[in-house]
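A closer look at the structure
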Amino acid sequence: MWSESLNIAVLLPCYNEAATIGDVVRGFRKALPQADIYVYDNNSTDGTALHAMLAGATVVRERRQGKGHVVRRMFADIDADIYVMADGDGTYAPEDAEELIRTLLTEGSDMVVGTRRGVHDDAGRQGHAFGNRIFNWLYRTIFGTDFSDIFSGYRAFSRRFVKSFPAVSGGFEIETEMSVHASRLKLPVSELELDYGRRPEGSHSKLSTFRDGWKILWMFAMLMKETRPFAFFGILGAISMEASIGFMIPVFVEYFETGFVTRMPTWVLSMALMMISFMLFTAGLILDSVARARAEQLRIHYMSLAKPISRQQRTNQTVSIGALEKPVGRKKKAKAA
């Protein structure tokens, strides 16, 4: 079986998931018997770590609060061929992990996202459902159409994705950053539609509709500034230029009618805004070159890492390489004879 020849790590970031984490760990142990299961406890106060340990998981504590900090620590600590990441709240089925891994291997992807069936209609709360629709539309507008559910927490990764991912986010924005990283480097990605369950009684969502929504919106702006600086500063420059022209028009009209400029402060403000717009356009051009160079460096590092392949694929490659080798020694013997 392909899973026997690969080192698979199941990563479960958790914060106060004592009601569900035991069943989640046992589910993954059954679905992926050969996998190592890690639970990273993010300052839980309800016994999450104990329940995970009793279920057979390796438990590590991350003191910095926020899912982004946990993911950064997991990706730095653990070496594996394939990584499967899920939430500890029981909303994702462990039985689907094998299909995520199979898709990763057969399609040669570096990330497979388990998109949540019906999430845009429900998502637990109507505020979350509306936010999902808005942010997914915004992502497709700014960064590309690679993903339809950027907030899914159920994903499979290759080692070269994990080890080339910078992970600078601190909270729930980390999924957005993962998607932007893949789109920025034009990595092969796949989506797999899966059922999305509800939290059981006693388990509560840690998301705040407005607080986390603002954080994600701010992350969109920062990621756009870092990955598409010309578009980011170009929009700001266009706004400044439009404001400048708006202030200029009345001054020009008055000048052509009377030959005087009586609104000197307005004229000075309009010229200042025009100069700011030129500076923003220039900054966008310069930073666009810097962003391209950074993307090239990330791409080179990504290409230096090995792609996960199963034992059968490795055997086939060895056979193919052996068939291409020329029997140089035999030819020399034949000439000598």
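Use the structure listed above.
The text that follows walks through the structure, step by step, so that each part is easy to find. Since this is a predicted model, take the numbers as computed values, not measurements.

Cut-offs applied
Residues numbered from 1 in each chain as written. Predicted model: local features only at pLDDT ≥ 70, side-chain atom pairs only at ≥ 80, totals over all residues. Heavy atoms only, no water. Helix = DSSP H or I, 4+ residues; strand = E, 2+ residues; numbered from the N terminus. Buried < 20%, exposed > 50% of the residue type's maximum accessible area, 1.4 Å probe, protein only. Areas by Shrake-Rupley, 256 points an atom, 1.4 Å probe, with all protein chains shown as cover. Pairing = 2+ DSSP bridges. Axes fitted to C-alpha atoms, helices over the stretch in contact; angles between N-to-C directions. Contact = heavy atoms within 4.5 Å. Right-handed = clockwise from strand over helix to strand, strands pointing away.

Another point: the overall build of the protein chain. Along its length, the protein chain carries twelve helices and seven strands. Here the protein chain holds 337 residues, and the buried ones make up 45% of them. Accessible area of the protein chain: about 18100 Å², with a carbon and sulfur share of 60%.

In this section: helix α4 (residues 97-106). Every buried residue of α4 is accounted for by Ala97, Leu100, Ile101, Thr103, Leu104 and Leu105. Backbone geometry just after α4 places Gly108 at a positive phi near 65°.

Our focus in this paragraph is the sheet that holds strand β4 (residues 82-85). The sheet built from seven strands is open, its strands ordered β3-β2-β1-β4-β6-β5-β7 with mixed pairing. At either margin of the open sheet sits one strand with a lone partner, and together these are β3 (58-61) and β7 (189-194). Each strand of the sheet is rotated relative to its neighbour by a mean of 20°, with strand direction disregarded. Judged from the four bridges that link them, strand β1 (residues 8-14) and β4 form a sheet pairing that is parallel. Within the sheet, the bridge partner assigned to Val10 lies in β4 and is Val84. The strands touched by helix α3 (residues 67-77) are β1, β2 (36-41), β3, β4 and β6 (155-158); relative to β1, the strand with the most contacts, the crossing angle is about 155°. Across the sheet, helix α7 (residues 174-185) is in contact with β4, β5 (111-116), β6 and β7; its angle to β6 comes to roughly 45°.

Right, let's talk about the pairing of β1 for a bit. In terms of burial, β1 is largely enclosed, as seven of its seven residues are buried. Residues Ile8, Val10, Leu12 and Cys14 point to one face of β1 and Ala9, Leu11 and Pro13 to the other, with burial holding for every one of them. Note: β1 against β2, six bridges, orientation parallel. The residue of β2 that forms the bridge with Ala9 is Asp36. As for the winding sense of the linkage, the β-α-β connection from β1 through helix α1 (residues 21-31) to β2 is right-handed.

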